[in-house]
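Per-entry structural report
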There are 2 protein chains.
Amino acid sequence: MRIAVDTSGGEYAPHEIVKGAIKAAREYEVEITLVGKKEILYVLAGRHMGQLGINIVDASQVIGDEESAVEAVRSKPDSSIVVGTNLVKEGEASAFVSAGNTGALFYSALATLGKIDGIDRPAIGALINIDGSGPVLLVDAGANADCRPNHLAQFARLGSTYLREIFALDSPRVGLLNNGVEEKRGNRLAQETHQLLKESKLNFIGNIEGQDISGGKADVIVTDGFTGNIVLKTIEGLSSHWLYSLTQGGQLFSKAYRLPLRALNRDLGVDSWTKRLDYREAGGACLLGINGNVIKAHGRSRANAVKNAIELAKKTAERGLSQKIKEESNE
Amino acid sequence: MRIAVDTSGGEYAPHEIVKGAIKAAREYEVEITLVGKKEILYVLAGRHMGQLGINIVDASQVIGDEESAVEAVRSKPDSSIVVGTNLVKEGEASAFVSAGNTGALFYSALATLGKIDGIDRPAIGALINIDGSGPVLLVDAGANADCRPNHLAQFARLGSTYLREIFALDSPRVGLLNNGVEEKRGNRLAQETHQLLKESKLNFIGNIEGQDISGGKADVIVTDGFTGNIVLKTIEGLSSHWLYSLTQGGQLFSKAYRLPLRALNRDLGVDSWTKRLDYREAGGACLLGINGNVIKAHGRSRANAVKNAIELAKKTAERGLSQKIKEESNE
């Protein structure tokens, strides 16, 4: 199986991306196509090409994180994001992994690969895992700022199918993010969505509140892309802030008491939190409902996160996720 | 100045509420009216009545946290929340503090005291303070699930006036919570609100994202009550989770290395985080745009938080906040 990897997107591109891709090629049974500026890629990965089955596909343009998605995709046909999604479209790669501009990746995938039959609004699913008890999928994490109730009900189905197929969760618990647990709470969107989910075949556990996100109450957390994006970034911001303060405090303490910082970080759980919460290890997100396998790695992904995202991409392609989604949306 | 305090609302009612009220009566120049079940209140506070100028007003009914706000307020005219807001209405108290059901408190205040002239949608302002650099006011934190752009623009004005009058912030920076910093980002509500805020006389700094909440970028964070409530509870949930884990880890570590836990908690900043983040010390929230001074203390308030909320109530009444808001809304 060949997986295309965007080497121009993300904060640590291209070095960490290439490093992660090479790791993945070594550890998993995948062949890698590196998409990006070919002169650089030959320098970084040239010596691994034959041995590990690594290809290079040139993409001279780069879409920056601050660029407007639609304009950027339209005006940069030779950008790594557009070239990468085209490789999936043409069957040259089974999946595409990018840590670049989320909006552009989403729009490029949507424009090139289209929606799965029966899906109105593809969405972004973000894997968050705060208490370590298992994957929690927040969907939509930012693709659709304005939504209707049937869109949210579809996000719930997409998320359930994803967790079942990729994480082998039998009957994922679906929670509707809301400003209260009572059935009648919420804005109009949440109230109407609640009714749709209640009537659905999903394992709907009702409304959940903000504090329940870190409590592991639900496996799939459904919300509109506006709220989802804000909640996700709130969690990321707070986590970074805490980890930073804790690291500073730990250094002071370990100096004052002449203790090994390593033991402190281990016993206090700093290490495992860092792993769980930090983007660098978090793996990837997924574009759900797109007719092709496109994986979004976090913009701050380093080599290990890129490797994890590639593993996720491999799994997604192997399980035929798109086909499963299509079948279920026609039920 | 006399302040009415709801002794039937909140997780630690009535004991911690009464304790906090007595502390406030001792420390600040306020007289207190305890509102609640009189038999209990005479037992708890009877001996302080003469000396500290504490009154007791009977309220035989209690509105629970899970009750529907409108129904509860209508069907329980002798509840502490309704009786307390009536005391403000009748001029028997300058302000009312409650740790009870937020929705019911808001609805009771709105129904009894009404809106300030010129205000369409009173809102809840929640004070969050993550990095310790100063107060950050999130508004609306839950009163209005469905909003229009002019409502959000009004929330921005209410929040600015509040921080200026109560916290002496000269020109509070107003940020619009959004799923991207670019002007055109957001759902329709956010996009249209952005334009209104741009044209306003407020110190509008533009869109801010979830991660900026903990970064202290803005003093007033404006959003609809649905998103605001979810974000606030997400922060609370995550903070509780971290503090709990950290305390557990700290105990293990201090045992293993025979170190005083107190020093560890101090050096790691656990103490100051606990204070800043935990509800117990967080003071209160405010109902903005209500024609009278009503302060919402967090449901998990203990004595110190109640005392802080009473101090806030005193300040709010002294500064004539409602009058200031009225003047400015007519400008």
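All of these numbers come straight from a predicted model, not from anything done at the bench.

Conventions used here
Residues numbered from 1 in each chain as written. Chains lettered and ligands numbered in written order. Predicted model: local features only at pLDDT ≥ 70, side-chain atom pairs only at ≥ 80, totals over all residues. Helix = DSSP H or I, 4+ residues; strand = E, 2+ residues; numbered from the N terminus. Buried ≥ 20, exposed ≤ 12 C-beta atoms within 10 Å, placed from the backbone. Contact = placed C-beta atoms within 7 Å. Axes fitted to C-alpha atoms, helices over the stretch in contact; angles between N-to-C directions. Parallel < 35°, antiparallel > 145°, perpendicular 65-115°, else oblique. Left-handed = near helix turned anticlockwise from the far one by under 90°. Nonpolar A, V, L, I, M, F, W, Y, C, P; charged D, E, K, R; others polar. Domains from an automatic or database assignment. Least-squares fit on C-alpha atoms with pLDDT ≥ 70 in both. Arc of directions from axis to C-beta. Pairing = 2+ DSSP bridges. pLDDT = per-residue confidence, 0-100. Core = buried A, V, L, I, M, F, W, Y, C linked by C-beta atoms within 7 Å.

Considering the overall build of chain A
A tally of helices and strands in chain A yields 14 helices and eleven strands. For the C-alpha atoms alone, the extent of chain A along its principal axes is close to 60 × 60 × 35 Å. Taken over 331 residues, chain A has a buried fraction of 58%. Across chain A, contacts joining residues at least 24 apart in sequence account for 69% of those joining residues at least 6 apart.

Considering the packing of helix H7 (residues 149-167) of chain A against helix H14 (residues 321-329) of chain A
Residues and elements named next belong to chain A. The interhelical angle for the contact between H7 and H14, taken along N-to-C directions, is 135°, at an axis separation of 10 Å. Judged by the inter-axis angle, H7 sits oblique to H14. For the pair H7 and H14, the sense of crossing is right-handed. For the pair H7 and H14, contact is made by Arg157, Leu158, Thr161, Tyr162, Glu165 and Ile166 and by Leu321, Lys324, Ile325 and Glu328, respectively. Residue composition of the contact of H7 with H14, grouped by class: five nonpolar, one polar and four charged.

Brief notes about the interface of chain B and chain A
Between chain B and chain A, the contact holds 45 residues from the first and 45 residues from the second. Every element with two or more residues in the side of chain B that touches chain A is listed here: helix H9 (210-213), helix H10 (225-256) and helix H11 (261-267) of chain B. Top contributing element to the side of chain B that touches chain A by residue count: H10(B), with 22 residues.

Digging into the domain arrangement of chain A
All names here are of chain A. Looking at chain A, the domain boundaries give domain 1 (1-117 + 289-320) and domain 2 (120-284). If you average the C-alpha positions of domain 1 and of domain 2, the two centres end up 25 Å apart. Across the boundary between the two partners, domain 1 contributes 21 residues, which contact 14 residues of domain 2. Broken down by element, the residue count for the side of domain 1 that touches domain 2 peaks at seven residues, all from helix H13 (residues 303-318).

Considerations on the relation of the copies chain B and chain A
In screw terms, the move from chain B to chain A is a rotation of 180° and a rise of 0.0 Å along the axis, fitting with an RMSD of 0.1 Å. Given the turn and translation reported, the copies of this chain are related as if by a two-fold rotation axis. A shared binding surface is used by both copies, with 100% of the interface residues of chain B retained as interface residues in chain A.

Re helix H2 (residues 38-45) of chain A
Residue and element names in this part refer to chain A. All buried positions along H2 are accounted for by Leu41, Leu44 and Ala45. Buried residues along H2 cover an arc of 70° about the axis, so they all sit on one side. With respect to the buried face of H2, the exposed residues turned more than 90 degrees away are Glu39 and Val43. Packing partners of the buried residues in H2 comprise helix H1 (15-27), strand S2 (31-36), helix H3 (49-52) and strand S3 (55-58).

Here we look at the pairing of strand S4 (residues 95-98) of chain A
All names here are of chain A. Judged by which residues are buried, S4 turns out to be covered on both faces: Ala95 and Val97 on one side and Phe96 and Ser98 on the other are all buried. The pairing of strand S1 (residues 2-6) with S4 spans three bridges and is parallel. Across the sheet, the residue bridging to Ala4 is Phe96, located in S4. Taken together, the three bridges between S4 and strand S11 (residues 294-297) define a ladder with parallel strand orientation.

Overview of the confidence of the model for chain A
All names here are of chain A. For chain A, per-residue confidence averages 89 on the pLDDT scale, and 93% of positions sit at 70 or higher. Note on residues 279-283: pLDDT is under 50 here. Beyond four places in sequence and across chains, it has 20 contacts. Two numbers describe this predicted complex: its pTM, 0.89, and its ipTM, 0.88.

What to know about unusual backbone geometry
Negative phi is the rule for most residues except glycine; trans is the rule for most peptide bonds. Backbone torsion omega between Val139(A) and Asp140(A) reads 10°, so that peptide bond is classified as cis. Here Asp140(A) shows up in the loop between strand S6 (136-139) and H7. Note that the residue after Ala13(B), namely Pro14(B), is joined by a cis bond; omega there is -5°. Following the sequence through the fold, Pro14(B) ends up in the loop between strand S1 (2-6) and helix H1 (15-27).

Focus: the nonpolar core
Core analysis: the largest hydrophobic core is formed by 205 residues, its most contacted members being Ala21(A) and Ala21(B). Beyond its immediate sequence surroundings of up to four residues, Ala21(A) is in contact with Val5(A), Ile32(A), Leu34(A), Val306(A) and Ile310(A).

What to know about the environment of Lys19(B)
Residue and element names in this part refer to chain B. Checked against the element boundaries, Lys19 lands in helix H1. The exposure class assigned to Lys19 is partly exposed, which follows from the 18 C-beta atoms found within 10 Å. On a C-alpha basis, the gap between Lys19 and Ala45 in space is 8.5 Å, while along the polypeptide they are 26 residues apart.

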